[in-house]
Amino acid sequence: MADGAGPHGTKTLLIVHHTPSPATREIFEKVLAGAKDPEIEGVGVRAVPALSATASDVLAADGYLFGTTANFGYMSGALKHFFDTVYYPCLDAVAGRPFGLWAHGNNDTAGAVAAVLKLAGGMGLAQAAAPLELTGTPDAKAREACYELGATVAASLMG
């Protein structure tokens, strides 16, 4: 499927996420809704929890959205495990594919965002949208930004 048309001409957006709290689950659901916006055509969306995602999932996708909590100034252990698992097996095969990122923390997301950007950059992924950094309970503006992130990255795979 990657680097071309999958079933029925679709491309695949893989959402790899760690959503342990109600706030992170709400963020994930809004990002997912944006990625599945009815105006986006030819893009299938597949969401996989970070602890379950594999190199095969990454290789079969054409673009990516990564979602994480910010824990102790870093990405979640679950997303770190994902990158540890897929980094070398996917390194040369995914360069140039688009990605997006969201991070949620109680008060600071900078370390988590920097770590994911460093790994995604090392894999040669192309940033399709600015990272979305969220703190506290998502309000209407944050929910709208989540939807836009999902839609932006999904739309980057059209045509």
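Model, not experiment: these values are computed from the prediction. Here the residue numbers are simple positions, counted from 1 along each chain's written sequence. Whole-chain, interface and lining totals are the exception, using all residues; otherwise, since this is a predicted model, local features are given only for residues with pLDDT of at least 70 and side-chain atom pairs are given and counted only at 80 or more. Side-chain measures here rest on the full set of heavy atoms in the structure, leaving out hydrogens and waters.

**Q** Quick question: what am I supposed to make of the overall build of the protein chain here?
**A** Numbering of helices and strands runs from the N terminus; a helix is a DSSP stretch of H or I covering at least four residues, while a strand is a stretch of E covering at least two. Check the secondary structure of the protein chain and you find 5 helices and 7 strands. Moving toward the C terminus, one meets the helices and strands of the protein chain in the order β-α-β-α-β-β-α-β-α-β-β-α. In summary, the protein chain has a C-alpha radius of gyration of 14 Å against a globular reference of 15 Å for 159 residues, a match within 12%. In terms of its C-alpha atoms, the protein chain occupies a principal-axis envelope of roughly 40 × 35 × 25 Å. In this setup the radius of gyration rests on C-alpha atoms only. A globule is expected at 2.2 Å times the number of residues raised to 0.38.

**Q** Quick question: what am I supposed to make of the packing of helix α1 (residues 22-35) against helix α5 (residues 140-155) here?
**A** When two helices pack together, their arrangement is captured by the angle between the axes and the distance separating the axes. Two numbers describe how α1 lies on α5: the axes approach to 6 Å, and their chain directions differ by 40°. As judged from the angle between their axes, α1 and α5 are oblique. Crossing handedness for the pair α1 and α5: right-handed. Within the contact between the two elements, α1 uses Glu26, Ile27, Lys30, Val31, Ala33, Gly34 and Ala35 and α5 uses Arg143, Cys146, Tyr147, Leu149, Gly150, Ala151 and Ala154. The axes are straight lines fitted to the C-alpha atoms, using for helices just the contacting stretch, and the angles between their N-to-C directions are given from 0 to 180°. Orientation categories follow fixed angle ranges, with anything under 35 degrees roughly parallel, anything over 145 roughly antiparallel, 65 to 115 roughly perpendicular, and all other angles oblique. Whether a crossing is left-handed or right-handed is set by the direction in which the near helix is turned from the far one by less than a right angle, anticlockwise for left-handed and clockwise for right-handed. Whether two residues are in contact is decided by their heavy atoms: any pair within 4.5 Å suffices.

**Q** Any chance you could explain the nonpolar core here in plain terms?
**A** General note: in soluble globular proteins, nonpolar side chains tend to be found buried as a group. Counting 30 residues, the largest nonpolar core has Tyr64, Phe66, Leu79 and Phe82 as its most contacted members. Top contributing element to this core by residue count: helix α3 (residues 77-90), with 7 residues. In this description, a nonpolar core means a group of buried Ala, Val, Leu, Ile, Met, Phe, Trp, Tyr and Cys residues linked to one another through side-chain atoms lying within 4.5 Å. Working definition: with a 1.4 Å probe on protein chains only, accessible area under 20% of the residue-type maximum means buried, over 50% means exposed, and in between means partly exposed. In terms of nonpolar packing, the next biggest core, distinct from the first, is built from 21 residues, Leu32, Leu132, Leu149 and Leu157 among them.

**Q** How should unusual backbone geometry be read in this particular structure?
**A** Peptide bonds are trans in most cases, and residues, glycine excluded, mostly fall at negative phi. Of note, the phi angle at Phe72 is positive, near 55°, even though the residue is not glycine. Its location among the elements puts Phe72 in the loop between β3 (63-71) and β4 (74-75).

**Q** Quick question: what am I supposed to make of α3 here?
**A** What sets the pattern is the α-helix's 3.6 residues per turn: residues three or four places apart point alike. Compared with the 20 Å implied by 1.5 Å per residue over 14 residues, the 20 Å span of α3 between its first and last C-alpha is a close match. Looking at α3, one finds that the buried residues are Ala78, Leu79, Phe82, Phe83, Val86, Tyr87 and Cys90. For α3, the elements touching its buried residues are β1 (11-17), α2 (55-59), β3, β4 and α4 (110-122). Given the number of residues in a helix, its expected span is that number minus one, multiplied by 1.5 Å.

**Q** Help me understand the environment of Ala78 in this model?
**A** Its place among the elements puts Ala78 in helix α3. In this structure Ala78 comes out as buried when scored by relative accessible area, which is 7%. The spacing of Ala78 and Ala126 is 48 residues in sequence and 22 Å in space, taken between C-alpha atoms. Among residues more than four places away in sequence, those in contact with Ala78 are His18, Ala50 and Leu51.

**Q** Got a minute to help me understand the packing of α3 against α4 in this structure?
**A** Running from N to C, α3 and α4 point in directions that differ by 10°, and their axes come no closer than 12 Å. When the interaxial angle is binned, α3 and α4 end up roughly parallel. Two packed elements cross with a definite hand, and for α3 against α4 that hand is left-handed. Residue-level inspection shows Leu79, Phe83 and Tyr87 of α3 in contact with α4, the latter providing Val116, Leu119 and Gly122. Only Asp, Glu, Lys and Arg are considered charged in this grouping, and only Ala, Val, Leu, Ile, Met, Phe, Trp, Tyr, Cys and Pro are considered nonpolar; every other residue, Gly among them, is considered polar. Each residue belonging to the contact of α3 with α4 can be placed in one class, and the counts come to 5 nonpolar, 1 polar and no charged.

**Q** How should the confidence of the model for the protein chain be read in this particular structure?
**A** In low-pLDDT regions, the fine details of the predicted coordinates are not to be read closely. Averaged over every residue, the pLDDT of the protein chain is 94; the share at 70 or more is 94%. Predictor confidence is given residue by residue as pLDDT, running from a minimum of 0 to a maximum of 100. Here residues 1-6 is modelled with pLDDT under 50, and outside its nearest four sequence neighbours on either side it reaches 17 contacts, counting other chains as well.

**Q** I tried to follow the packing of aromatic side chains on my own but got confused; where do I start?
**A** Note on aromatic pairs: each is described by the distance of the centres and the angle between the planes. In summary, the pairing rule links any two rings of Phe, Tyr or Trp, Trp by its six-membered ring, whose centres are within 6.5 Å, and it sorts them by plane angle into stacked for under 30 degrees, edge-to-face for over 60 and tilted for everything else. Scanning the entire structure with this criterion turns up 6 aromatic pairs. Ring centres of Phe66 and Phe99 lie 6.1 Å apart, and the angle between their planes is 40°; on these two criteria the pair is classed as tilted. One end of the pair, Phe66, is in strand β3; the other, Phe99, is in strand β5 (residues 98-105), and 33 residues separate them in sequence. Each member of the pair Phe66 and Phe99 is classed as buried. Between Tyr87 and Tyr88 the ring centres are 5.1 Å apart and the planes differ by 80°, which places this aromatic pair in the edge-to-face class. An aromatic cluster is built from Tyr64, Phe66, Phe82, Phe83 and Phe99, whose rings are joined through pairwise contacts.

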